[in-house]
Amino acid sequence: MESNIEETTPSFDPSKNYDEDTLAQQREIEKEIAATQSMVSQLYTFDEIVEEYSQEDAIYRQKIEDLKSRFKNLRKTRGDGNCFYRAFGFAYLETLLSNGKEYKRFFDIAQKSKDELVSLGFPQFTLEDFHDTFMDVVKMVEKPGTTDALLEAFNDGGLSDYFVVYLRLLVSGHLQQNADLYVYFIDGERTVKEFCSQEVEPMGKESDHIHIVSLTKALQVPICVEYMDREGDKCNSFTFNPFEGSADAADATPVFTLLYRPGHYDILYPL
Amino acid sequence: MTTPARRRLMRDFKRLQEDPPAGVSGAPSDNNIMLWNAVIFGPHDTPFEDGTFKLTIEFTEEYPNKPPTVRFISKMFHPNVYADGSICLDILQNRWSPTYDVSAILTSIQSLLHDPNPNSPANYEAAQLYRETRREYEKKVAAIVQESWNDDDDEDDDEGEEEENNILNLMELDNVITNLMLPLFQSLLDEPNPNSPANNLAAKLYQENRREYEKKVKVIVEESWIFIGEV
């Protein structure tokens, strides 16, 4: 019997672990991406990226023109599934370099967040490791300065990836704390906790609307996203307002703007 | 050079020693902190009870952002363990969280022994027996429990396998020393018994020239650090 099965389907061996091959292949792709893209890039002008971003597509070309009329530069992030977190982290900390008051507010939230996550059941031992590194990076923008050191930190795997891990944990924590609210926005028959362990906490899992809503709410940071999709002739901009529904709703001026092209986030700098 | 992965693995090791979970143990191999040997004791009230199952855990520099590769070295009969010893467990694949450490990995595998998931089988026979003929399943597991004790003195006529066995023996020895007998050895380090010398020079110096003895010990203390910092 068994040998018959093998003859008819010679390519599949049920006792072999194919996951490892898949993982190995995935690692190769990741290595290639890591070799060609920095985690957070230097500043680019739109003229420098127009070919790459529009690829002979008239609609995208038109939308780049639209961006050009409102934004001056763009910073690329590595397409490794962590781009939203890395773009958010870098863009936000960059604004704190020149905003001491906001820094103080954020520092307190960040400092307190560790105990909140521990109380949600995250293991203290490992959480501390990530939190310590996260705070080390945050402290880099305590005093006004240039972005050079920050850019270097965000391209140092040890710091940058740990920073991303911690942002993911903040998103997971916020979703779990408000599980009764978010459970309706999760597809598949999954609990919020299951969703977090499948779609939020593992590195490289891409971000959706729900992740962005959570992070902006967890940190109380309003942001704007310019959507460069195929509809219309201008980018659709959308503000994620964490204060929505509260008395402060009107004050929500986006702190920074990200550019979304299907599957990827970069950072935009206004004129 | 110390990297985030190595730094974190040292922390994992320290925690595993200071706060060891019941029924599992693990330690980096002698000269490579990226390759660990571990033992999981079969959990009580399961057919695996009393088994001592050896595993290897192989880390990459991406740890803890990416999971390590974990493999049973001891023969295993379990619905979620492949023929080559690799394990089908979601937290080691698409549900990996960087907040898991070695301790969490080993206890998760331990609970997998407790609660197999026959819906994602890596060993079809084991999954089928587990579902349909539990008695037969338990009999097969009992056999590998027995085998798990014999890993070191198994004589095999097949030459290739014999070589493999020698590697197992070494690994086993390493495991036994680092994990199981450590408390015994620790007290031996405290109070040598110079009357049954295994190293005549050390025994002589210990008895007659304590200063010289301490000097020699200091040298090997420093040597013992080398693998930690620079692998």
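Throughout this description, residue numbers start from 1 for each chain and increase along the sequence as written. Just so you know, chain letters begin at A and ligand numbers begin at 1, following the order they were written in. Residues qualify for local features only when their pLDDT is at least 70, as the model is predicted, and side-chain atom pairs are given and counted only at 80 or more; totals for whole chains, interfaces and linings, by contrast, use all residues. Working from all heavy atoms in the structure, the side-chain values ignore hydrogens and water.

## Focus on the overall build of chain A
Secondary structure elements follow DSSP: runs of H or I of four or more residues count as helices, runs of E of two or more count as strands, with numbering from the N terminus. Within chain A, the regular secondary structure consists of twelve helices and six strands. Oriented by its inertia axes, the alpha-carbon framework of chain A measures out at about 70 × 50 × 35 Å. When accessible area is computed with a 1.4 Å probe and restricted to protein chains, residues below 20% of their type maximum are described as buried, those above 50% as exposed, and intermediate ones as partly exposed. Counting only residues that meet the buried cut, chain A has 46% of its 271 residues in that class. We call two residues in contact whenever any of their non-hydrogen atoms come within 4.5 Å of each other. Of all intrachain contacts in chain A linking residues separated by at least 6 positions in sequence, the fraction that spans at least 24 positions is 73%. For the purpose of charge, His is not counted, nor are the chain termini; Lys and Arg are scored as positive and Asp and Glu as negative. We put the charge of a Lys on NZ, of an Arg on CZ, of an Asp on CG and of a Glu on CD. Considering chain A, the positive charge centre built from 27 side chains and the negative charge centre built from 49 side chains are found 6 Å apart.

## Thoughts on the interface of chain A and chain B
The partner chain B presents 30 residues to the 27 residues of chain A that form the contact. Summed over both partners, buried area is the accessible surface (1.4 Å probe) that two parts give up on being assembled. Surface buried jointly by chain A and chain B totals about 2,500 Å² across both partners, of which 51% is contributed by carbon and sulfur atoms. The largest per-residue losses of area from chain A upon contact with chain B belong to A:Arg27, A:Phe125 and A:Tyr162, which jointly make up 24% of the total buried on that side. Only one rule defines a salt bridge in this text: a Lys or Arg side-chain nitrogen within 4 Å of an Asp or Glu carboxyl oxygen. At the junction of chain A with chain B, the criterion picks out two salt bridges. In this structure, the salt-bridge partner of A:Glu30 is B:Lys66, at a minimum N-O distance of 2.7 Å. Under the rule applied, a polar contact is a pair of N or O atoms within 3.5 Å (in protein, one hydrogen donor and one hydrogen acceptor; residues adjacent in sequence only if both atoms are side-chain atoms). Joining chain A to chain B, the criterion identifies six residue pairs in polar contact (both at pLDDT 80 or more). Residue assignment for the side of chain A that touches chain B shows that the elements contributing at least two residues are helix H2 (18-36), helix H7 (124-139), helix H9 (157-177) and helix H11 (192-200) of chain A.

## Quick notes on the UniProt feature "site: Interacts with free ubiquitin" (unreviewed entry) in chain A
Residue and element names in this part refer to chain A. UniProt positions are given in the numbering used here, feature names are shortened, and annotations may be inferred rather than shown by experiment. As recorded in UniProt, the sites labelled "site: Interacts with free ubiquitin" (unreviewed entry) are Tyr 227, Asp 229, Tyr 260 and Tyr 265. Judged by maximum C-alpha separation, these annotated positions cover 39 residues in sequence but sit close together in space, the widest gap being only 12.4 Å. Non-local contacts of Asp 229, meaning those with residues more than four positions away in its chain, are made with Ile 59, Tyr 60, Lys 63 and Asn 236. Its location among the elements puts Tyr 260 in strand E5 (residues 257-261). Excluding its chain neighbours within four sequence positions, the residues that come into contact with Tyr 260 are Val 225, Glu 226, Tyr 227, Met 228 and Tyr 265.

## Thoughts on the pattern of salt bridges
Enumeration over the complete set of coordinates arrives at 29 salt bridges over all chains. With a closest N to O distance of 2.8 Å, B:Arg8 and B:Asp12 form a salt bridge. In this pair, B:Arg8 and B:Asp12 are both assigned in helix H1 (residues 4-18), four residues apart and thus about one turn of the helix distant. Per residue, the accessibility class of B:Arg8 equals that of B:Asp12, and both read buried. B:Glu125 is the salt-bridge partner of B:Lys140, the closest N and O atoms lying 3.1 Å from each other. With a gap of 15 residues between them, B:Lys140 in helix H4 (residues 134-150) and B:Glu125 in helix H3 (residues 124-132) connect regions that are remote in the sequence. Owing to a relative accessible area of 39%, B:Glu125 belongs among the partly exposed residues under this scheme. One salt-bridge network, held together by shared partners, links A:Arg27, A:Glu30, B:Glu62 and B:Lys66.

## Thoughts on the confidence of the model for chain A
Residue-level confidence of the predictor is what pLDDT reports, using numbers from 0 through 100. In this model, chain A carries a mean pLDDT of 90, and residues with pLDDT of at least 70 account for 96%. Confidence drops under a pLDDT of 50 for residues 1-7 of chain A, and excluding neighbours within four residues, the segment shows zero contacts in the predicted structure.

## Brief notes about the domain arrangement of chain A
All names here are of chain A. In terms of domain boundaries, chain A breaks down into domain 1 (42-75 + 222-271) and domain 2 (81-221). Here the C-alpha centre of domain 2 lies 21 Å away from the C-alpha centre of domain 1. Summed over both partners, the interface of domain 1 with domain 2 comes to about 1,600 Å²; 73% of that surface belongs to carbon and sulfur atoms. Its salt-bridge partner being Glu 94, residue Arg 75 comes within 3.1 Å of it at the nearest N-O pair. The interface formed by domain 1 and domain 2 holds two residue pairs in polar contact (both at pLDDT 80 or more) in total. Mapped onto the side of domain 1 that touches domain 2, the elements with two or more residues apiece are strand E3 (223-227), strand E4 (236-240) and strand E6 (264-270). A per-element tally of the side of domain 1 that touches domain 2 places E6 first, with four residues. Just so you know, the domain bounds were taken from an automatic or database domain assignment.

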